[in-house]
Amino acid sequence: MSRPAPRKPEYHKINKDLFVLTYGALVAQLCKDYEKDEDVNTYLDKMGYGIGTRLVEDFLARSCVGRCHSYSEITDIIAQVAFKMYLGITPSVTCNNSSRNEFSLILDKNPLVEFVEELPAGRSSLCYCNLLCGIIRGALEMVHLAADVTFLQDRLKGDSVTEIGITFLKKLDEKKYRRKK
């Protein structure tokens with residue numbers, strides 16, 4: 001008897017508008033729950049980190065990308081494959097230093113702020129999309145790369161572009177994460 005053909009996994013897509021509006025409601029609720037913008041930013045980063053540590057498995061399974069050999073290659077994969085796969089956009093990548101460990105992702109369009117005209121009054125230091133920084137940081141850590149990920153510029157704060165900075169700190173020790181046989 002022959003085996004049935006393996007089924008392709010089904011990926012359920014959620015309506016982008018629903019996701020963006022739900023995210024906006026989440027940020028609005030966090031602003032009500034926390035007085036300080038720094039607390040909201042920290043919570044969004046922490047939440048994104050948790051998502052990133054889980055999302056990287058889905059990304060690696062669906063994208064079929066191989067091992068990267070440089071920080072610039074990693075950053076290109078994040079911009080050209082991951083952002084396209086999950087947000088439907090492709091940010092441009094620039095290298096910010098000669099040691100080639102600092103990069104910027106420049107987003108011409110940020111789908112998370114599609115329905116946001118401006119930051120709430122009195123919330124000038126709110127990093128509305130800080131969830132993205134946490135996702136990138138969490139995913140990189142799961143592939144044994146320590147990174148500092150922050151928003152450098154934000155259109156919601158009056159800047160001309162939205163820019164996410166990624167600084168690779170050091171490669172984490174792989175031996176520490178290997179399973180013992």
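Residues numbered from 1 in each chain as written. Predicted model: local features only at pLDDT ≥ 70, side-chain atom pairs only at ≥ 80, totals over all residues. Heavy atoms only, no water.

By the naming in an unreviewed UniProt entry, the chain is Trafficking protein particle complex subunit, taken from Myotis myotis. According to the UniProt record, the Function (unreviewed entry) comment for the chain reads "May play a role in vesicular transport from endoplasmic reticulum to Golgi." Quoted verbatim from the Sequence similarities (unreviewed entry) field of UniProt, the annotation for the chain is "Belongs to the TRAPP small subunits family. BET3 subfamily." (UniProt positions renumbered as here; feature names shortened; annotations may be inferred.)

A. Expanded view of the overall build of the chain. When helices and strands are tallied, the chain shows five helices and four strands. Counted from the first residue to the last, the chain has its helices and strands arranged as α-α-α-β-β-α-β-β-α. Expressed as a percentage of its 181 residues, the buried residues of the chain come to 36%. By element, 52% of the accessible surface of the chain is carried by carbon and sulfur atoms, the whole surface being about 11800 Å². (Helix = DSSP H or I, 4+ residues; strand = E, 2+ residues; numbered from the N terminus. Buried < 20%, exposed > 50% of the residue type's maximum accessible area, 1.4 Å probe, protein only. Areas by Shrake-Rupley, 256 points an atom, 1.4 Å probe, with all protein chains shown as cover.)

B. Summary view of the side chain of Asn 41. Secondary-structure assignment places Asn 41 in helix α2 (residues 37-63). Given the relative accessible area of 13%, Asn 41 is considered buried. A polar contact of 2.7 Å, which involves the side chain of Asn 41, links it to the backbone nitrogen of Cys 127. Sequence-distant contacts of Asn 41, that is, excluding residues within four places in its chain, are made with Ser 125, Leu 126, Cys 127 and Asn 130. (Polar contact = N/O pair within 3.5 Å; in protein donor to acceptor, adjacent residues only side chain to side chain. Contact = heavy atoms within 4.5 Å.)

C. Molecular detail of the pattern of salt bridges. Applying the stated rule across the entire model yields three salt bridges. Residues Asp 37 and Arg 123 are paired through a salt bridge, measuring 2.8 Å at the closest nitrogen-oxygen approach. In this pair, Asp 37 is assigned in helix α2 and Arg 123 in the loop between β2 (102-107) and α4 (130-142), connecting sequence segments 86 residues apart. Neither residue differs from the other here; Asp 37 and Arg 123 are each classed as buried. (Salt bridge = Lys/Arg side-chain N within 4 Å of Asp/Glu carboxyl O.)

D. Up close: the environment of Lys 16. For Lys 16, the position within the fold is in helix α1 (residues 16-33). Judged by its relative accessible area of 38%, Lys 16 falls in the partly exposed class. For Lys 16 and Pro 111, which are 95 residues apart along the polypeptide, the C-alpha to C-alpha distance reads 8.4 Å. Beyond its immediate chain neighbours, meaning those up to four positions away, Lys 16 contacts Lys 109 and Glu 114.

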